[in-house]
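Summary of structural features
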Amino acid sequence: MNTTKEFDTVLKETRLFKPLPEFSKNAHISSLKDYERIYKESIEHNESFWGNVAEELHWFKKWKNVLNTKEAPFYKWFEGGKTNIAYNALDRHLTTARKNKIALLWEGEPGDKKSFSYWQLTQEVKKCAHVLKYLGIQKGDRVIIYLPMIPELAICVLACARIGAVHSVIFAGFAADAIKDRIDDCKAKLVITADGGYRRGKVLPLKSTVDEAIKDSATIENVLVIKRKEDAVFPCTLQKNRDHWYHELYHKVSSEHEAEVMDSEDMLFLLYTSGTTGKPKGIMHTTGGYMTYAYLTSKYVFDLHDTDVFWCTADIGWVTGHSYLVYGPLLNGATVLMYEGTPQFPDEGRFWKLIEDYGVTIFYTAPTAIRTFMKWGDEWPKKYNLSSLRLLGTVGEPINPEAWMWYHRIIGNEKCPIVDTWWQTETGGIMLTPLPGAISTKPGSATLPFFGIEPAIYTNDGKETDAGYLVIKNPWPGMLRGIYGDPDRYIKTYWSKWNGIYFPGDGARKDTDGYYWILGRVDDVVNVSGHRIGTSELESIFIEHPAVAESAVIGAHHEVKGQSLIAFVSLRSGQQSTPKLEKELMNLIETKIGKFACPERIIFSADVPKTRSGKIMRRLLRDIAEGRALGNVTTLADPAVIETLKTQYNEE
Ligand code: PRX
């Protein structure tokens, strides 16, 4: 759990920002009283609450039961109901005034632009659905999507959902080995990629990474390639009978397509996330419950109205992009903005220019991005007209009050509520959050539970307390349905610390107003710039190097990234720590996971601190890295190790 000075400050935070009357006037939930009334109703009559929400969406056939708890924690939502989430996100709007409304605004990093009305996006998705069918994809097949942030990424996701194929999007920063592991785990038949993608002025060679990843694949039958770059940048070779240009198939298929009728509990997507073992987990989400939850959280947390332009800066490779760039806003008939590149291209004003150019009204980003913007200086946002903004959001990691205040003053001009939203890949949607027209905010707090969610804070032995482990006491429609191929791990990871209680892996505190303050992970997962990285994943990679005897990776406080990874590596006898070896180890992480998972520092040490039974004492390594007085050292097998490490850490 994070115990840095910064969080000591968080705990003393007393500033309170009341909802702005101007905002509340038109908000869906416009007073604390309304929030409390609906919240009470959603807990006391949980099933009828969710049943009524689901009625707002289209079902080909109505469900028999809202919730089936018989095989808990394998809960079933809207059992017997038949629907299709892509139909709900697109076709459902075509008989309304939204038919010609802009669904998707897109800008590429080089500045190229596209936009799609609901009608046009539906046509694109229908054509893509036919292309997938042409390549032999059937309902239930797994499709890997490894694309840059181009419109086709959203289109392919929606097309998979339309035909009932399970999409598994892999963030384009992952390396070939990580793609291979995911393909093998879910036995995917198809990979969708692009010849390149623009990032920080460069073009990423995505197709060749895919070629490397699938060279020995037993399951991949076809690769669908979207053309994004100019041919002259670098060549992209297609393998005969396996690889296909999307644009060539696109021109051959019809734009008439009926959405597949899906069972509410049919799998919608798999998203891999790091855990506490070396193997990433395939988090499973299904159709009806996820749809209902993404729909309602988007509507109320972002207070979506037809005049909004909603920009969620997350990549669709992460869950935030799934729920709040694609599904949630489109289910609400909103206009979303999608941007391909980085915030510093061609200069540090790019995000603010996008807000000005598109009249963005709702901006949702990560604390690490906010801290980066602060570092770049106020002059960048001040060059642009940000007056279109009416609501700001953050997600992915705890936000320090200083960054919250900067966001409030410099980006929001003190006129925009901030929603600090706590949730996870596993929860499918937002769980703790202010509702902007109803709930007062405190810088650094995710405030109160969303409708239908019953959180609590537990002690180790399962008693309610006000500082300890965050838990969720009841099931909710957006919840994960399991870990792909590993039901035991699902139960063990999430439901067995306290029988039947969901344990997300975070520590939290509750204040006297009942507000939640997330303190960070309590397991061996590190949150670097809002990305979850399991330390054991890195450790098992280091150990593959012949020079390495042992390693311990920890997360330490970082000014901008929130946390950074520090690796302590001890070498086999006779091995020397050299800059060349350090580079080799960094390269290993880069090629096995991706650059974003490279540690900030590698400290070579003769030994790592261990208990007498041989368990690595990471707590002490964290104390060293964060410059704290060392905690209890009496259980150390060799107390001298820690002093040597401390000197070494501070010298390097
Ligand atoms: O530790 C919490 C942190 O991010 C974790 C979930 O990571 P992931 O599944 O990658 O999803 C990120 C986007 C939903 C959580 O266990 N986290 C997420 N949001 C917040 C947060 N920590 C504090 N405050 C938040 N608002």
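All figures in this text were calculated on a predicted structure; none of them were measured in a lab. (Residues numbered from 1 in each chain as written. Predicted model: local features only at pLDDT ≥ 70, side-chain atom pairs only at ≥ 80, totals over all residues. Heavy atoms only, no water.)

**Quick look at the site of the ligand**
Near the ligand, the surroundings consist of 17 residues, among which Asp-420, Thr-421, Thr-425, Asp-506 and Arg-532 are the closest. Between the ligand and the protein, one listed contact pairs a nitrogen atom with a backbone N or O atom of Gly-396 at 3.1 Å. Thr-421 has a polar backbone atom sitting 2.7 Å from a nitrogen atom of the ligand. A total of 540 Å² of accessible area belongs to the ligand in isolation, and the protein chains cover 96% of it. Going through the elements one at a time, α12 (319–331), β20 (418–421) and β25 (516–521) are the ones with two or more residues in the shell around the ligand. Of the residues belonging to the shell around the ligand, the class tally is six nonpolar, six polar and five charged. (Near = heavy atom within 4 Å. Polar contact = N/O pair within 3.5 Å; in protein donor to acceptor, adjacent residues only side chain to side chain. Areas by Shrake-Rupley, 256 points an atom, 1.4 Å probe, with all protein chains shown as cover. Helix = DSSP H or I, 4+ residues; strand = E, 2+ residues; numbered from the N terminus. Nonpolar A, V, L, I, M, F, W, Y, C, P; charged D, E, K, R; others polar.)

**Some details on the sheet that holds strand β16 (residues 309–312)**
Within a sheet, each strand pairs with its neighbour through backbone hydrogen bonds, oriented either parallel or antiparallel. With mixed pairing, seven strands are arranged side by side in an open sheet as β5-β4-β17-β16-β18-β19-β20. Among the strands making up the open sheet, the edge pair consists of β5 (113–117) and β20. Within this sheet the neighbouring strands show an average axis-to-axis angle of 15 degrees, counted without direction. By the bridge criterion, four bridges tie strand β4 (residues 102–107) to strand β17 (residues 335–339) in an arrangement that is parallel. Its bridge partner lying in β17, Trp-106 is registered against Met-338. Where helix α7 (residues 151–163) meets the sheet, it contacts β4, β5 and β17, and its direction lies at approximately 30 degrees from that of β5. (Pairing = 2+ DSSP bridges. Axes fitted to C-alpha atoms, helices over the stretch in contact; angles between N-to-C directions. Contact = heavy atoms within 4.5 Å.)

**What about the packing of α7 against α12?**
At a closest axis distance of 10 Å, the pairing of α7 and α12 adopts a crossing angle of 65 degrees. Residues Ala-154, Val-157, Leu-158 and Ala-161 of α7 lie in contact with α12, whose contacting residues are Val-326, Tyr-327 and Leu-330. Among the residues forming the contact of α7 with α12, the class breakdown is seven nonpolar, no polar and no charged.

**A short note on the confidence of the model for the chain**
Averaged over all residues, the pLDDT of the chain equals 95, while 98% of them reach at least 70. Taking the mean pLDDT of every element in the chain, the minimum, 58, falls on helix α1 (residues 5–12) and the maximum, 99, on helix α11 (residues 288–301). This model gives residues 1–6 a pLDDT under 50, and the stretch forms 14 contacts once residues within four places in sequence are excluded. (pLDDT = per-residue confidence, 0-100.)

**Notes on the sheet that holds strand β21 (residues 455–458)**
An order of β21-β22-β24-β25 is seen for the four strands of this open sheet, with the pairing classed as antiparallel. Across the chains shown, the open sheet's two edge strands, defined by having one partner strand only, are β21 and β25. Taken pair by pair, the neighbouring strands of this sheet meet at an average axis angle of 45 degrees, ignoring direction. Two strands pair when backbone bridges link them, and strand β22 (residues 467–472) and strand β24 (residues 506–510) are joined in this way by three bridges, in the antiparallel orientation. Within β24, the position partnered with Ala-467 by the bridge is Arg-509.

**Focus: the pattern of salt bridges**
Applying the stated criterion across every chain yields a total of 47 salt bridges. In this structure, Lys-279 and Asp-185 form a salt bridge, with 3.1 Å as the shortest nitrogen-oxygen distance. With Lys-279 in the loop between β14 (267–273) and β15 (281–286) and Asp-185 in helix α8 (residues 176–186), this pair connects stretches of sequence that are 94 residues apart. Using a relative accessible area of 47% as the deciding quantity, one classes Lys-279 as partly exposed. Between Glu-397 and Arg-371 there is a salt bridge whose closest N-O contact spans 2.8 Å. With Glu-397 in the loop between β19 (391–395) and α16 (401–411) and Arg-371 in helix α14 (residues 367–376), the pair connects residues that are 26 residues apart, well separated along the chain. The same class applies to Glu-397 and to Arg-371, which are both buried. (Salt bridge = Lys/Arg side-chain N within 4 Å of Asp/Glu carboxyl O. Buried < 20%, exposed > 50% of the residue type's maximum accessible area, 1.4 Å probe, protein only.)

**Things to note about the pairing of strand β18 (residues 362–365)**
Here is the key point about a regular strand: its side chains alternate between the two faces of the sheet. Here β18 shows two buried faces, one formed by Ile-362 and Tyr-364 and the other by Phe-363 and Thr-365. Judged from the three bridges that link them, β16 and β18 form a sheet pairing that is parallel. Bridging across to β18, Trp-311 finds its partner in Phe-363. Of the pairings in the sheet, the one linking β18 to β19 comprises four bridges and is parallel in character.

**A few points about the packing of aromatic side chains**
For the structure on display, the rule yields 50 aromatic pairs. Judged by centre distance (5.4 Å) and plane angle (65 degrees), the rings of Phe-60 and Tyr-87 are edge-to-face. Taken together, the positions of Phe-60 in the loop between α4 (46–55) and β1 (65–68) and Tyr-87 in helix α5 (residues 85–89) put the pair 27 residues apart, joining distant regions of the chain. For Tyr-87, a relative accessible area of 23% translates into the label partly exposed. Judged by centre distance (5.8 Å) and plane angle (85 degrees), the rings of Tyr-300 and Phe-451 are edge-to-face. Of this pair, Tyr-300 sits in helix α11 while Phe-451 sits in the loop between β20 and β21, and the two are 151 residues apart along the sequence. (Phe/Tyr/Trp six-rings, centres within 6.5 Å; stacked < 30°, edge-to-face > 60°.)

**Topic: the packing of α14 against α16**
Their axes nearest at 10 Å, the elements α14 and α16 cross at an angle of 70 degrees. Overall, the two elements α14 and α16 adopt an arrangement that is roughly perpendicular. Of the residues in α16, those touching α14 at Ile-370, Arg-371, Phe-373 and Met-374 are Glu-402, Ala-403, Trp-406 and Tyr-407. Across the contact of α14 with α16, the residue classes tally to six nonpolar, no polar and two charged. (Parallel < 35°, antiparallel > 145°, perpendicular 65-115°, else oblique.)

**Side note on the pairing of β19**
Across the five residues of β19, five count as buried, placing the element largely inside the fold. Sheet analysis places β19 next to β20, joined by four bridges and oriented parallel. Opposite Leu-392, over in β20, you have Ile-418 as the bridge partner. What joins β19 to β20 is α16, and the crossover it makes is right-handed. (Right-handed = clockwise from strand over helix to strand, strands pointing away.)

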